[in-house]
Structures are given as C-alpha cells and as structure tokens.
Amino acid sequence: MKKIISIYLDSFKGLSQAAWLLAIVMLINRMGSMVIPFLGLYMTQVLHFDIKQVGIVLMSYGIGSVCGSYIGGWLTDRIGSFKVQFGSLVLASPLFLLIPYFKEVPSLSVMIFTLSLIFDAFRPANSVSVASYAKPENITRAFSLNRLAINLGFSIGPAVAGFLATISFNWIFYGNSFAVLCAAVIFFIFFNKRQKRTDVKAKKDALLHSEVANQSRNPYTDVPFVLFNIFCCIFSFCFFQLITTLPIFYREVHHLDDHQIGFLLGWSGFVIVLLEMFVVHVAEKRFSLISTLVFGTFLCASSYAMLNYMGGLGWLYFTFFIFGLGEMLTLPFMATVSVNRSTPKTQGAYMGFNSLAFSAANIFSPLLGTSIVDSFGFTTLWWATALTLSFTGLGFYLVLKWMR
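Residues numbered from 1 in each chain as written. Predicted model: local features only at pLDDT ≥ 70, side-chain atom pairs only at ≥ 80, totals over all residues. Heavy atoms only, no water.

Per an unreviewed UniProt entry, the protein goes by MFS transporter and derives from Sphingobacterium puteale. What the UniProt record of the protein gives under Subcellular location (unreviewed entry) is the line "Cell membrane". (UniProt positions renumbered as here; feature names shortened; annotations may be inferred.)

Have a look at this one:
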C-alpha cells in the first residue's frame, strides 16, 4: 500500500508551474460544461424536437467543431496559442447566453455551429500550449494533468447542470457563459507575456526517442499520421455517444431523472480525476505506447457492450468506470503521438489536425447514432459501437507499428 501511495504521489511530481496553471484555467472552463451534455435533453424536453431533429442540430455542432479545429490550428502557427485561446474564450462566453433565443431547428443549428466553431478553436491552441510549457520528460503527464482538470470540471459541471435543469434549462446557459468568462480572465492573468520552454528537440527525444522530422513536414501529407487520425476519428465517433445518445438512453430506457443523469455523467470525470495521473504514470513505466493505446481502446469497447446488460444503477456506474479506464489509456497518448510527429513550425497544424479528427466525428456521430436508435434501438447501437472500437484497436496496433 505504501508503494502504491508513493507511485501515486510521484505521478504529480516534476510538472512545470505553467502546466499547473494551464490545468487551473481548464478546470474553471470545464466546470461550466453544462450545455453540451444536456443539449439533447433540452431539445427533446423543452423544444420538443424528435430524435432525428436532435441529431441534425448536434451534427451542426460537429461541423463547427471541425472548422474551429482547423482554423484554430492554422491561427496558432501564425499568431500564437495565447491569442487564439484568449480570443476563443472571450467570444464564446456571450454566445451561450443567446442559445435560448433560437427555438427552431435551422436557426438553432446555425447558432450551435457558430458556437462550436469559436469554442473549439481553443483546443489545438491549448494542446500546443501544453506541449510548449511542459518539461521534456513529462509531456504525456502534462497532457494527463490537463485532462484531469477537464474531467474534474466535467464531473462538477453536469452535476450542477442536473440541479439547475430542475429549476430551468436557461440557468444552464447562464452558468456555462459565466464559467467561460472567468476562465478567460484567469488565463489572461496567468499567461499574458509568459515565456514558453524552447527545448523542442529534447522534448521530442523524450517523447518516443525518434529523430526530429523535417521542418517542412505537412500533417496532411504525412501518410502514417493521416491514417492514425482516421482511427482517432473512428474512436471519437464512438466516444461521443457518451454525450449524444447515452443521456437519452439513461432517460428513455433506465428512466433516470436529470439529477441522476448529471451525477452519472459526473462519475466518469471523478474516476478520471482520481486515477488518471496514476494510471498514465504506471503505463509509461511498464507498457509500450502501442499496447497501452490498444488495451485502452478494447476497454472502451467492452464498456459499450456492457450497456446491453440491463442491470441497475450500480451497473451503469460500473460500466462508466470501465469506460473511464479506457479513456485514461487512450486520449493522453494520442496527444503524445501528435506532438511527437510535429515540428517546431507545425505544432499548431499537427495538433489542429488531431483535434479535427475528433471534431469530424461530431458531424456524423450524433445523426447516425440517433438514426440507429430510431430505426433499430439502443441495443443495436451499443453492439455496433463495441465492434467498431474493437476494429479501431486493431487499426491503432497496425498504424503505430508502421510509425515506429
């Protein structure tokens, strides 16, 4: 037990001050994660959209996310990550307040597209900041710390949103807007004129011990990286059922109320906050990058398959625990691969492309997921998702072998 505690504490040591400050900003930002997890419920309960209309609006979120990821990466390489992140937060905050005024499918779709375009431009810029401020030997743990902050915020946000939804869904939009504005202010105070670490070559050597690539490498013509991102896109297609169809599944099949759904979604974030740094630290020491990514993907596949067993509330919490373990062993290491493949002049483009791979799934994931449910039911959706993730795990194994 003492050894386990020692390893757990060691997983937090050695991280740069800037890495912790970035995590604080991300925590504040994600504590306002109220709108997206409850957007499907808001549209079905308040606006009385049918499930296909919900899919159309959520698809617009995905299209905006793709555009935002590309533009965010492009801008980061030209004006810097600080300006992109600060601008994204400042512009996104008032947009959350406008959502309740759009009550028809076309107008709400345009509004959600605009919001996601601006808000998701933050992601590639933030990834570049994490890589730029991290110590060379701690790059994956720096990403994990950032994700820890995201998930701690996400464990709080939906739980608070579930409470606010019992009063009025409008309070969810107000809360999200306030949190994003606070994050913008804190980010400006912490990072205005802060110098980044410049030991890029040492950082790359510490990641995967590969030589630094040609300065002109283009992520969109880097064939192994393109294939890697295709599998990341497929993975995220399945991953995003977490915030699109899964809350509806909890409501319609298990008959949970908004409060219970909020706590259940928050449970996943709590598990990741508690264990991710420890799990990533052990995985880095004991296992290869390939085996970690593949095993994590298969854990996610198993969690979706487990949803077809009609257990009680305790079983739902357990399936989320398994999913959380899989998430810990995949997402931080995907970011590590992306940073390693980039060059000093193309970090924004590489991280933007990787973010784009995740955002692209948001275009078709909600619509196809809801369409499968509408035509065949939730059981078919969960089996299809589990099989797709199993295929993706095999794909990661093959493409990472090629990249290495």
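K.L.:
Even after reading the chapter, I still don't get the pattern of salt bridges, so can you show me in this structure?
P.N.:
When the charged atoms of two side chains with opposite charge come close together, those side chains can pair. This model, assessed by the stated rule, comprises 2 salt bridges. A salt bridge links aspartate 120 to arginine 123; its shortest N-O distance comes to 3.3 Å. For arginine 123, a relative accessible area of 21% corresponds to the partly exposed category. Of the charged contacts in the structure, one is a salt bridge between arginine 341 and aspartate 222, with a shortest N-O distance of 2.7 Å. Of the two residues, arginine 341 sits in helix H16 (residues 331-341) while aspartate 222 sits in the loop between helix H10 (200-208) and helix H11 (223-239), which places them 119 residues apart along the sequence. By relative accessible area, arginine 341 is classed as buried at 14%. (Salt bridge = Lys/Arg side-chain N within 4 Å of Asp/Glu carboxyl O. Buried < 20%, exposed > 50% of the residue type's maximum accessible area, 1.4 Å probe, protein only. Helix = DSSP H or I, 4+ residues; strand = E, 2+ residues; numbered from the N terminus.)

K.L.:
So what exactly am I meant to see when it comes to helix H7 (residues 122-133) here?
P.N.:
An α-helix turns once per 3.6 residues; consequently, residues spaced three or four apart project the same way. Compared with the 16 Å implied by 1.5 Å per residue over 12 residues, the 16 Å span of H7 between its first and last C-alpha is a close match. Counted residue by residue, H7 has 11 buried out of 12 residues, so it is predominantly covered. Within the span of H7, buried status applies to Phe122, Pro124, Ala125, Asn126, Ser127, Val128, Ser129, Val130, Ala131, Ser132 and Tyr133. (Expected span 1.5 Å × (residues − 1).)

K.L.:
Can you help me understand a nonpolar patch on the surface in this one?
P.N.:
A cluster of nonpolar side chains, contributed by Leu97, Phe163, Ile167, Trp171 and Tyr174, occupies part of the molecular surface with about 520 Å² of accessible area. Secondary structure elements with two or more residues in the nonpolar patch: helix H8 (139-167) and helix H9 (170-191). Note that leucine 97 resides in helix H5 (residues 81-98). (Patch = residues over 30% accessible without salt bridge, like charges linked within 9 Å, V, L, I, M, F, W, Y side chains within 5 Å. Areas by Shrake-Rupley, 256 points an atom, 1.4 Å probe, with all protein chains shown as cover.)

K.L.:
What is the right way to look at the packing of H11 against helix H17 (residues 347-376) in this model?
P.N.:
Relative placement of two packed helices is described by the angle separating their axes and the distance separating the axes. Two elements in contact, H11 and H17, have axes whose closest approach is 8 Å; the angle formed by their N-to-C orientations is 35°. Judged by the twist between their axes, the crossing of H11 over H17 is right-handed. Of the residues in H17, those touching H11 at Phe225, Val226, Phe228, Asn229, Cys232, Cys233, Ser236 and Phe237 are Tyr350, Phe353, Asn354, Ala357, Phe358, Ala360, Ala361, Phe364, Ser365 and Leu368. Partitioning the contact of H11 with H17 into residue classes produces 14 nonpolar, 4 polar and no charged. (Axes fitted to C-alpha atoms, helices over the stretch in contact; angles between N-to-C directions. Left-handed = near helix turned anticlockwise from the far one by under 90°. Contact = heavy atoms within 4.5 Å. Nonpolar A, V, L, I, M, F, W, Y, C, P; charged D, E, K, R; others polar.)

K.L.:
Looking at this model, I keep getting lost on the state of the cysteines. Mind explaining?
P.N.:
In a disulfide, the sulfur atoms of two cysteines are covalently bonded to one another. Taken as a whole and judged by the stated rule, the model has 0 disulfides. With no disulfide of its own, cysteine 67 lies 14 Å from the sulfur of cysteine 233, the closest cysteine sulfur. According to the relative accessible area criterion, cysteine 67 is partly exposed, its value standing at 27%. Cysteine 233 supplies the cysteine sulfur nearest to cysteine 232, a cysteine that is in no disulfide, at a spacing of 8.8 Å. Residue cysteine 232 is classed as buried on the basis of its relative accessible area of 0%. (Disulfide = S-S within 2.5 Å.)

K.L.:
Help me understand the domain arrangement of the protein in this model?
P.N.:
By a widely used convention, the size of an interface equals the accessible area lost when the partners come together. Per the domain assignment, the segments of the protein are domain 1 (16-140 + 153-198) and domain 2 (219-403). In this complex, domain 1 contributes 37 residues to the contact, which on the side of domain 2 involves 39 residues. Counting each side, the surface lost to burial between domain 1 and domain 2 is near 3300 Å², with a carbon and sulfur contribution of 70%. Viewed at the interface, domain 2 and domain 1 are joined by 0 residue pairs in polar contact (both at pLDDT 80 or more). (Domains from an automatic or database assignment. Buried area = accessible area lost by both parts, 1.4 Å probe. Polar contact = N/O pair within 3.5 Å; in protein donor to acceptor, adjacent residues only side chain to side chain.)

K.L.:
Even after reading the chapter, I still don't get the nonpolar core, so can you show me in this structure?
P.N.:
Nonpolar side chains tend toward joint burial in soluble globular proteins. In terms of nonpolar packing, the biggest core is built from 124 residues, with Met43, Ile99, Ile172, Phe228, Tyr250 and Met334 touching the most fellow members. Per element, the largest residue contribution to this core is 11 residues, and it comes from helix H13 (residues 258-286). Structurally, this core is a two-domain feature, drawing no fewer than three residues from each of domain 1 (16-140 + 153-198) and domain 2 (219-403). Among residues more than four places away in sequence, those in contact with tyrosine 250 are His255, Leu256, Ile261, Leu264, Leu265, Leu316 and Phe320. Counting residues in each nonpolar core, the second largest holds 5 residues, with Met59, Val66, Leu356 and Ala360 among its members. (Core = buried A, V, L, I, M, F, W, Y, C linked by side-chain atoms within 4.5 Å.)

K.L.:
What am I meant to see in the environment of phenylalanine 191 here?
P.N.:
With respect to the element layout, phenylalanine 191 can be found in helix H9. Residue classification places phenylalanine 191 among the buried residues on the basis of a relative accessible area of 3%. Taking C-alpha positions, phenylalanine 191 is 7.3 Å from phenylalanine 82, a pair spaced 109 residues apart along the chain. If near-sequence neighbours (up to four positions away) are discounted, phenylalanine 191 is found in contact with Ala18, Leu21, Leu22, Val25, Phe82 and Tyr133.

K.L.:
Could you clarify how one ought to interpret the packing of aromatic side chains in this entry?
P.N.:
Any aromatic ring pair is given by two values, namely how distant the centres are and how the planes are angled relative to each other. Counted according to the given criterion, the structure contains 31 aromatic pairs. Aromatic pair tyrosine 304 and phenylalanine 323: ring centres 5.6 Å apart, planes at 80°, arrangement edge-to-face. Here tyrosine 304, found in helix H14 (residues 289-306), pairs with phenylalanine 323, found in helix H15 (residues 313-328); they are 19 residues apart in sequence, far enough to count as distant. Judged by its relative accessible area of 2%, tyrosine 304 is buried. Exposure remark for phenylalanine 323: the relative accessible area of 4% places this residue in the buried category. Here the aromatic cluster, defined as three or more aromatic residues joined through ring pairs, consists of Phe235, Phe239, Phe240, Phe249, Tyr250, Tyr304, Phe320, Phe323, Phe378 and Trp382. (Phe/Tyr/Trp six-rings, centres within 6.5 Å; stacked < 30°, edge-to-face > 60°.)

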